[in-house]
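# Secondary and tertiary structure notes
Listed below, chain by chain, are the residues.
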Amino acid sequence: MSGVWRYARDSGYTSRQSLVGFTVAAADGVIGHVDRQQDQPGMQHLVVDTGVWVFGKSILIPAGAVTAIDTEARTVKVTPTREEIKAAPRFTADSETADHRYLTAVGNHYLSLRRPLAP
């Protein structure tokens, strides 16, 4: 499951790059902006402020869901759709980023969304 917690090599992410303030776009539209990020190897993730989209809540997105980072446009693209992201285990407090059960549930959710490769 560790792959879900690190950026793909072709995502455009560079070590210790700050993505705070970048707009996050799902497969079907903007979901918010990066409020905080964790860059610890094996636990990389973004905390995204969704504004009014999910009633002003923040969501946690594992780095493995990031497909592209455009530093000029200040955008982060993620594979899941808005509904798939909304269905992820709810993020309520920063302390959850250290809760093994919560992180396992989030990781399993995003792993279940991986699209099969075309034959």
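Placed above this text is the structure.
A brief look at the structure comes next.

## A word on unusual backbone geometry
Comment: phi is negative for the bulk of residues other than glycine, and the bulk of peptide bonds are trans. Here the phi dihedral of arginine 16 falls at roughly 65°; this positive angle occurs in a residue that is not glycine. Relative to the assigned elements, arginine 16 resides in the segment before β1 (23-26). Residue classification places arginine 16 among the exposed residues on the basis of a relative accessible area of 72%.

## Focus on the pattern of salt bridges
Following the criterion strictly, the structure yields 3 salt bridges and no others. A salt bridge links arginine 36 to aspartate 94; its shortest N-O distance comes to 2.7 Å. Taken together, the positions of arginine 36 in strand β2 (residues 29-38) and aspartate 94 in the loop between α1 (82-86) and α2 (100-112) put the pair 58 residues apart, joining distant regions of the chain. Note on aspartate 94: relative accessible area 44%, which makes it partly exposed.

## Some details on the side chain of histidine 45
Mapped onto the elements, histidine 45 comes out in strand β3 (residues 45-49). The exposure class of histidine 45 is buried, given its relative accessible area of 3%. With near-sequence residues (within four places) excluded, histidine 45 lies in contact with Trp5, Gln37, Gln38, Leu60, Ile61, Pro62, Ala63 and Thr97.

Parameters at a glance
Residues numbered from 1 in each chain as written. Predicted model: local features only at pLDDT ≥ 70, side-chain atom pairs only at ≥ 80, totals over all residues. Heavy atoms only, no water. Helix = DSSP H or I, 4+ residues; strand = E, 2+ residues; numbered from the N terminus. Buried < 20%, exposed > 50% of the residue type's maximum accessible area, 1.4 Å probe, protein only. Salt bridge = Lys/Arg side-chain N within 4 Å of Asp/Glu carboxyl O. Contact = heavy atoms within 4.5 Å.

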